[in-house]
Amino acid sequence: MPLDKDDFQMLEQKSRELRKLIIDTVVWAGSGHVGGALSSIDMMTLLYHKVMKIDPERPEWEDRDRFILSKGHIGVGLAPVLADKGYFPKEWLETYNHTHSLLGMHLDKHKVPGLDASTGSLGHGLPLSLGLALSARLKKQDFKTYCLMGDGECDEGSVWEAAMAISHYKATNVVAIVDRNRCMIDGETKDVMTLEPFADKWRAFGFNVIEANGHDMNELYDAIEAAHKETEKPSVIIMNTLKGCGVDFMSGNYKYHYAGFDAERAEHCKKEIDRYHDERMNA
Amino acid sequence: MGGLNYTMEDTAKLSTAELYGKTLVDLADQHPEVVGLTSDLAKSTKIGVLGEKYPERLINVGIAEQNLMGTAAGMALNGMVPFVSTFAVFTTMRALDQVHTDICYQNLNVKMIATHGGLSFGQAGTTHHCTEDISIMRSMANCKVIIPADGMETANAVQAAYETPGPIYIRINRGFDQQVYDTTEYDYEIGKAVELHEGTDLTLIACGSAVWSAREAAKVLMSTDGISVRVLNMHTIKPLDKEAVLKAVHETRRIITVEDHNIIGGLGSAVAEVMAESGKACAFKRLGVPDTFSIIGLHEDLMAHYGYDVNGIIAAVREVMGADFEEDDDWNDEI
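The rules behind these values
- Residues numbered from 1 in each chain as written.
- Chains lettered and ligands numbered in written order.
- Predicted model: local features only at pLDDT ≥ 70, side-chain atom pairs only at ≥ 80, totals over all residues.
- Heavy atoms only, no water.
- Helix = DSSP H or I, 4+ residues; strand = E, 2+ residues; numbered from the N terminus.
- Rg over C-alpha atoms; globule rule 2.2 N^0.38 Å.
- Buried < 20%, exposed > 50% of the residue type's maximum accessible area, 1.4 Å probe, protein only.
- Contact = heavy atoms within 4.5 Å.
- Areas by Shrake-Rupley, 256 points an atom, 1.4 Å probe, with all protein chains shown as cover.
- Lys, Arg positive; Asp, Glu negative; His and termini not counted.
- Charge placed at Lys NZ, Arg CZ, Asp CG, Glu CD.
- pLDDT = per-residue confidence, 0-100.
- Axes fitted to C-alpha atoms, helices over the stretch in contact; angles between N-to-C directions.
- Parallel < 35°, antiparallel > 145°, perpendicular 65-115°, else oblique.
- Left-handed = near helix turned anticlockwise from the far one by under 90°.
- Nonpolar A, V, L, I, M, F, W, Y, C, P; charged D, E, K, R; others polar.
- Buried area = accessible area lost by both parts, 1.4 Å probe.
- Salt bridge = Lys/Arg side-chain N within 4 Å of Asp/Glu carboxyl O.
- Polar contact = N/O pair within 3.5 Å; in protein donor to acceptor, adjacent residues only side chain to side chain.
- Pairing = 2+ DSSP bridges.
- Phe/Tyr/Trp six-rings, centres within 6.5 Å; stacked < 30°, edge-to-face > 60°.
- Lys NZ or Arg CZ within 6 Å of the ring centre and 35° of its normal.
- Right-handed = clockwise from strand over helix to strand, strands pointing away.

(A) Spotlight on the overall build of chain A. When helices and strands are tallied, chain A shows 9 helices and 7 strands. The C-alpha radius of gyration of chain A comes to 18 Å, within 12% of the 19 Å expected for a compact globule of 283 residues. Projecting the C-alpha coordinates of chain A onto the three principal axes gives extents of approximately 50 × 40 × 40 Å. Per-residue burial for chain A yields a buried fraction of 60% across its 283 residues. Within chain A, contacts between residues at least 6 apart in sequence are counted, and of these 75% link residues at least 24 apart. Carbon and sulfur atoms form 49% of the exposed surface of chain A, whose accessible area is close to 11100 Å².

In structure tokens, the structure reads:
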């Protein structure tokens, strides 16, 4: 079922605001993993504002859904989402990456309320998600674990170790999500390390593969719904995205994996984000 | 130490790892949050007995150690108490990034019971020897490091690990160990050394399989040479019992460490750090694998080869006792 109109508009507005907040946070921090934050933000917005069973008043609520940011370097994308949800004051974002700040490039669960795991080194999120899923089964809890990975991250063998085991244990309470922005630090994924046939690899590991436009709220929501409905196989959502999505000079450009810019450039980014979201609403 | 009632007969019949498995099942009987994980080594590490009684509580992830440690961390994030077992070499090197980031950095309640430590899988060759783990794991913040001397002590250590929150690394051997204790009823406490033999001339500080050898050496030295050797079972490498080390420095002025590990970075280094920071002079020697990749052979033969079996320890004690420690200004004849 597609999103209703109110939800759609709320999510569109929220992702527009969060894109701008990511830009602000990068300016406060001096620099950051802005490209991957902007390619993932629509899915994170959808999860935190529509899909996940969470309560910011009770960040440790045992039955909450979990979000594991396996691509841990986009803390600069997740922290604005958590601050905006009220897990901690938005003012914290102004200290991002500063000495003694509670917020750093890769977020620490012991410092950031609402964060379900500390991540950073790549290829760790899917095994953590399997552990959460198996423990939920043993404790007869019905929460889901959403694991957001980068496509470049899927070079790591541990991703496939976990994929094999998730399939073996039929851990359908994990929803794997890949931000397929086709870029990594050293270049485009096709040039650095071939991933294709990417979807077939997941299928071969026993996954129900759902492909979606990662910047279309309705398609993303349908993908989540499809993942929830599949009870025989674990699901992976491969969302086709653009690195730096929403800002002209960053869009699809691997060079903006990590970047910094001044206030003037940031203003340009925000105008671009408005232009991009206006177009999206009118599409 | 509720629930521990093993007898000398058990230790004669059961290998160290089997006693671990038995203790784990006892813990699982009492605590539903206890789970076991392994990577195709359920039989070899003896964690498999948990799965015989509680099939759903033993997770086997196949030969995939990174996933093993990450999955354990995920389970601990949701309040389970995972006991993870694979060989020491895979626990501390193959999966070290996960041990570091998922378990230790997040300070999760995961117990890593690593088997086939030191040279105890001697005939498997160097790829399966593990002489770096103490060094690696004691530099891991939040993590406690325990090397039990035998099966009885392993039972105590596993029980104590359950009772102590946070990541704990316990290294045991393959197969049977020489028996140091005939009961679990002694004063076992994580971080507290156990004095096994009184002495005033020199202190042997040992861990793991070297403990039995050190005690045997001390008995021989007393009867044949009249040398009074104190033996400390330093079962916990981290947190190290600094008080016991400093007491030995003050009271015996000569210390030899013995470990089934590279002499760099392990027990010997940990003791040396305490001594050096105390500012008190002490004759000192480290016994263990002399910074080399070890050769193939039976465990006991390898310990003899590298000079830390009973005879090797006796020779080292005689050498250190013969050193002219602080009697003159000549530093050349001191160890």
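(B) Molecular detail of the overall build of chain B. Secondary structure summary: chain B contains 14 helices and 12 strands in total. In terms of C-alpha radius of gyration, chain B reaches 20 Å, essentially the compact-globule figure of 20 Å for 335 residues. A buried classification covers 63% of the 335 residues belonging to chain B. A total of about 12300 Å² of accessible surface is found on chain B, and carbon and sulfur atoms cover 49% of it. One way to put it: in chain B the 25 positive side-chain charges average out to a point 4 Å from where the 47 negative ones average out.

(C) A look at the side chain of N78(B). Here N78(B) shows up in the loop between α5 (65–77) and β3 (81–85). Residue classification places N78(B) among the buried residues on the basis of a relative accessible area of 2%. If near-sequence neighbours (up to four positions away) are discounted, N78(B) is found in contact with E62(A), R66(A), L132(A), S135(A), A136(A), K139(A), Q141(A) and F143(A).

(D) Fine view of the confidence of the model for chain B. Mean pLDDT for chain B: 94, with 93% of residues reaching 70 or above. With pTM at 0.95, the complex prediction returns an ipTM value of 0.95.

(E) Molecular detail of the packing of helix α1 (residues 5–29) of chain A against helix α2 (residues 34–51) of chain A. Residue and element names in this part refer to chain A. Contact geometry of α1 with α2 gives a least axis separation of 9 Å together with a crossing angle of 140°. In terms of orientation, α1 and α2 fall into the oblique class. In the packing of α1 onto α2, the handedness of the crossing is right-handed. Residue-level inspection shows D7, M10, L11, K14, S15, L18, R19, I22, I23 and V26 of α1 in contact with α2, the latter providing V34, A37, L38, I41, D42, T45, L46, H49 and K50. Residue composition of the contact of α1 with α2, by class: 11 nonpolar, 3 polar and 5 charged.

(F) Geometry of the interface of chain B and chain A. Facing 25 residues of chain B, the contacting portion of chain A comprises 28 residues. Roughly 2100 Å² of surface becomes buried between chain B and chain A when both sides are summed, with 56% attributable to carbon and sulfur atoms. Summed over the three residues of chain B that lose the most area to chain A, namely N78(B), Y105(B) and Q106(B), the buried surface amounts to 28% of that side. Joining chain B to chain A, the criterion identifies 0 salt bridges. Where chain B packs against chain A, one counts 13 residue pairs in polar contact (both at pLDDT 80 or more). A class-by-class count of the residues in the side of chain B that touches chain A yields 8 nonpolar, 12 polar and 5 charged.

(G) Representation of the sheet that holds strand β4 (residues 111–114) of chain B in the model. Residues and elements named next belong to chain B. Strands sit in the order β2-β1-β3-β4-β6-β5-β10 across an open sheet of 7 strands; the sheet is mixed. Strands with a single pairing partner mark the edges of an open sheet, and in this sheet they are β2 (58–60) and β10 (236–238). Sheet twist, expressed as the mean angle between neighbouring strand axes with direction ignored, is 20°. As judged from the 3 bridges shared by strand β1 (residues 34–38) and β2, these two strands associate in the parallel manner.

(H) Representation of the packing of aromatic side chains in the model. Summed over the entire model, instances satisfying the criterion amount to 11 aromatic pairs over all chains. Each ring, one from Y48(A) and one from F67(A), has its centre 5.5 Å from the other, and the planes form 75°; the classification is edge-to-face. With a gap of 19 residues between them, Y48(A) in helix α2 and F67(A) in strand β1 (residues 66–69) connect regions that are remote in the sequence. Neither Y48(A) nor F67(A) differs from the other in exposure class; each is buried. Here the aromatic rings of F88(A) and W92(A) are separated by 4.9 Å at their centres, their planes lie at 15°, and the arrangement is stacked. Taking relative accessible area as the criterion, F88(A) reaches 4% and is therefore assigned buried. Site record: aromatic cluster; members linked through ring pairs are W160(A), F198(A), W202(A), F205(A) and F207(A). Over the ring of F143(A) we find R66(A), and its NZ or CZ is 4.0 Å from the ring centre. Of note, R57(B) hangs over the ring of Y54(B), and the distance from its end group to the ring centre comes to 4.4 Å.

(I) Up close: the pattern of salt bridges. Residues and elements named next belong to chain A. Counted under the stated rule, the structure contains 34 salt bridges over all chains. Measuring nitrogen to oxygen at the nearest pair gives 3.2 Å for the salt bridge that ties E17 to K14. Placement of the pair is E17 and K14 together in helix α1, with a separation of 3 residues, close to one helical turn. As a salt-bridge pair, K270 and E267 come within 3.9 Å of each other at their nearest N and O atoms. Note that K270 and E267 are positioned in helix α9 (residues 263–282) at a spacing of 3 residues, about one turn of the helix. One network of salt bridges, with partners in common, ties together E12, R19, D42 and R280.

(J) Inspection of the pairing of strand β12 (residues 283–289) of chain B at higher detail. Residue and element names in this part refer to chain B. Taking burial as the measure, the 7 residues of β12 include 5 buried ones, the bulk of the element. Where strand β11 (residues 254–262) lies against β12, 6 bridges are found, and the strand directions are parallel. Paired with N262 across the strands is V289, a residue of β12. In this view, the connection linking β11 to its parallel neighbour β12 by way of helix α12 (residues 267–278) has right-handed handedness.

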